[in-house]
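Given next are the chains, with one letter for each unit.
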Amino acid sequence: MKTIGIIGGGQLGLMIAEQAHVLGVRAVALDPAPDAPAFRVCDDHIVAAYNDAEALERLCRMSDAVTYEFENVPGDILIPLSEKYNIPQGYRPLYDSQDRFREKTNARDHGLRTPGFAAVDDEASLRAAVRELGLPAVLKTRTLGYDGHGQMVLRREEDIERALPLLTVPCILEEFIAFDSEASIVMVADREHVVSFPVGRNIHRDGILDLSIVPAAADAEVLGRMKVQSERFMRDCGYEGILAIEYFIRGREIFFNEMAPRPHNSGHYTIEGCTTNQFRELVRYLVGEPLQEPRLVAPTVMKNILGQDLETARQVEREHRPNVYVHLYGKTESRPKRKMGHITFVGMTGDEYEKEWADRFVK
Ligand code: AMP
């Protein structure tokens, strides 16, 4: 029986472990929190910091292949480990995604269109970037930003003053894209093939994913182009394993926003909405099984459950409705903006969700 190791024990680790078990594969996770969600289903676990080299080495020794669900694993630890142990995705895709400036430069160098962007370190470079890119623009920290944290939209000249406190760390200024919609694609690649999951439309609220609606109601040519260019990008970069890319769609234009070399929140719908899912294909890749091309079962909507909707989600779970799948991650502490679970509605369109379900959740 094979064992996979997962650096990180959050909900992504939990769902990787669940799908590993479906394939008869053991799972071990490492996380600093003793009550990490993945520990409930993993066959073994290690409580340790992500920069604890000795503990990470122990995880590698327990595993036939190691992956990460946490994006900020330090390279000075992961690189030496990937020379000794089987971490087939390696450090490269993490390195390329850990810094927003590097990430966008890499995307552009490999043929993807991005919003205009410039590195910003101080007031002078911020003012120069505003002159170059115009307003509105979005200022973001280069590293450690997630779910809209460490971001600010600059609309007027006066906003530059207000943005200065953010410049204690290196930042990036991006052209503001007045997009029609946001979309993402999740791909899994081995040496020979890339499989990709159907593109979903993503609706964010306060910078956090709220809904994924699949298929994305965008022009078929635009969606086809997104698939082709994403798969080519993954190949050209030489990435293997899993990669999610988020895009903005404006008219017929597609702009790369960001990528993540791990299962993605917008891909949770695949568990019940597709014939195979992002977690299962990642595990197949890790244990060297041939990948399966996914198909959408039916139109699907995924609703993220943050702390404020946890009680409603529990109620929905008790209703045992057909084609409504409630996933609660078992986090011990619930907070208003914390991801506590998700609900997948299979056989439902975005319009039907709005009519029948939207009112049950906090607006
Ligand atoms: P991010 O963490 O970069 O994905 O940003 C979080 C959210 O902020 C995105 O999903 C968008 O809704 C919005 N956003 C980020 N960058 C831009 C941009 N350049 N133009 C317009 N909206 C943006």
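Our subject is the structure that appears above.
I will try to describe carefully the structure that is included in this document. Please read these numbers as outputs of a predicted model, since none were measured by experiment.

1. Notes on the sheet that holds strand S6 (residues 137–141)
Spatially, S5-S8-S6-S7 is the arrangement adopted by the four strands of the open sheet, whose pairing is antiparallel. Looking at strand neighbours, the two that pair on one side only are strand S5 (117–120) and strand S7 (151–154), the edges of this open sheet. Sheet twist, expressed as the average angle between the axes of neighbouring strands with direction ignored, equals 25 degrees. In this fold helix H5 (residues 100–109) packs onto S5, S6, S7 and strand S8 (171–175), with an angle of close to 150 degrees to the strand it touches most, S5.

2. Remarks on the packing of aromatic side chains
Any aromatic ring pair is given by two values, namely how distant the centres are and how the planes are angled relative to each other. Applying the stated criterion across every chain yields a total of eight aromatic pairs. Ring plane angle 15 degrees and centroid distance 3.7 Å describe the contact between Tyr 50 and Phe 70, whose orientation is recorded as stacked. In this pair, Tyr 50 sits in the loop between strand S3 (44–47) and helix H2 (53–62) while Phe 70 sits in the loop between strand S4 (65–68) and helix H3 (75–84), placing the two residues 20 residues apart along the sequence. One aromatic cluster in this structure is built from Phe 233, Tyr 239 and Phe 256. Here the basic side chain of Arg 102 rests over the ring of Tyr 95, its NZ or CZ set 3.6 Å away from the ring centre. Over the ring of Phe 176 we find Arg 155, and its NZ or CZ is 5.7 Å from the ring centre.

3. Digging into the nonpolar core
If you look at the biggest cluster of nonpolar residues, it comprises 36 residues, and the most contacted ones within it are Ile 4, Ile 6, Ile 16, Ala 27 and Val 188. For this core, the secondary structure elements donating two or more residues are strand S1 (3–7), helix H1 (11–22), strand S2 (26–31), strand S9 (181–189), strand S12 (208–214), strand S13 (241–250) and helix H10 (278–287). Built from parts of two domains, this core gets at least three residues from each of domain 1 (3–87) and domain 3 (181–360). The residues touching Ile 16, leaving out its near neighbours within four places in the chain, are Ile 4, Ile 6, Thr 67, Glu 69, Pro 263, Phe 279, Leu 282 and Val 283. If you look at the next biggest cluster of nonpolar residues, it comprises 23 residues, including Ala 107, Phe 233, Cys 237 and Met 259.

4. Section: the packing of H2 against H3
Where H2 contacts H3, the axes come no closer than 11 Å and their chain directions differ by 30 degrees. The angle between the axes of H2 and H3 places the two elements in the roughly parallel class. Both H2 and H3 take part in a crossing whose hand is right-handed. Residues Ala 53, Leu 56, Glu 57 and Cys 60 of H2 form the contact with H3, whose own contacting residues are Ile 77, Leu 81 and Lys 84. A class-by-class count of the residues in the contact of H2 with H3 yields five nonpolar, no polar and two charged.

5. A few points about H1
Taking 1.5 Å as the rise per residue, H1 with 12 residues should run 16 Å; its terminal C-alpha atoms sit 17 Å apart, in good agreement. When you tally the buried positions in H1, you get nine out of 12 residues, the bulk of the element. Listed as buried for H1 are Gln 11, Leu 12, Gly 13, Leu 14, Met 15, Ile 16, Ala 17, Gln 19 and Ala 20. Check the buried side of H1 and you find it contacts S1, S2, S4, helix H9 (270–273), H10 and strand S17 (339–346). Looking one or two residues past H1, Gly 24 carries a phi angle of roughly 70 degrees, positive in sign.

6. Describing the site of the ligand
Taken together, 14 residues are adjacent to the ligand, and Lys 140, Gln 151, Glu 175, Ile 177 and Glu 182 come closest. The backbone of Ile 177 places a nitrogen or oxygen atom 2.9 Å from a nitrogen atom of the ligand. A distance of 2.9 Å separates an oxygen atom of the ligand from a polar side-chain atom of Glu 258. Within the residue set of the shell around the ligand, elements represented by two or more residues are S6, S8 and strand S14 (253–260). Of the residues belonging to the shell around the ligand, the class tally is five nonpolar, three polar and six charged. If you count residues domain by domain, the shell around the ligand takes at least three from each of domain 2 (116–175) and domain 3 (181–360).

Calculation notes
- Counting restarts for each chain, with residues numbered from 1 along the sequence as it is written.
- It should be noted that, the model being predicted, local features are given only for residues of pLDDT at least 70 and side-chain atom pairs only at 80 or more, the latter also being counted only at that level, while totals for whole chains, interfaces and linings use all residues.
- Only heavy atoms go into the side-chain values, all of them from the structure, while hydrogens and water stay out.
- Two strands are counted as paired when DSSP detects at least two bridges linking them.
- Strands are runs of DSSP state E lasting at least two residues, helices are runs of H or I lasting at least four, and both sets are numbered from the N terminus onward.
- Only the stretch in contact is used when a helix axis is fitted, and all axes are lines through C-alpha atoms; the angle between N-to-C directions ranges over 0 to 180 degrees.
- In this description, contact between two residues means that some pair of their heavy atoms is separated by no more than 4.5 Å.
- Centres within 6.5 Å are what make two rings of Phe, Tyr or Trp a pair, Trp counting through its six-membered ring; a difference in plane orientation under 30 degrees is then read as stacked, over 60 as edge-to-face, and the rest as tilted.
- A ring is considered to have a charge above it if a Lys NZ or an Arg CZ atom is located within 6 Å of its centre and within 35 degrees of its normal.
- Side-chain atoms within 4.5 Å link the members of a nonpolar core, which is a set of buried Ala, Val, Leu, Ile, Met, Phe, Trp, Tyr and Cys residues.
- Only protein chains enter the calculation, and the probe is 1.4 Å; a residue is then buried if its accessible area is under 20% of its type maximum, exposed if over 50%, and partly exposed in between.
- An automatic or database domain assignment supplies the residue ranges for each domain.
- Working definition: roughly parallel below 35 degrees, roughly antiparallel above 145 degrees, roughly perpendicular at 65 to 115 degrees, and oblique for all remaining angles.
- Crossing handedness: left-handed means the near helix sits turned counterclockwise from the far one by under a right angle, and right-handed means the same turn made clockwise.
- For this classification, the nonpolar set comprises Ala, Val, Leu, Ile, Met, Phe, Trp, Tyr, Cys and Pro, the charged set comprises Asp, Glu, Lys and Arg, and every other residue, Gly included, is treated as polar.
- Here the expected span of a helix is defined as 1.5 Å times the quantity of residues minus one.
- Near, as used in this document, describes a residue that has one of its heavy atoms within 4 Å of the molecule or strand being considered.
- Side-chain atoms alone can form a polar contact between residues adjacent in sequence; in general such a contact is a pair of N or O atoms within 3.5 Å, and within protein one must be able to donate a hydrogen while the other accepts it.

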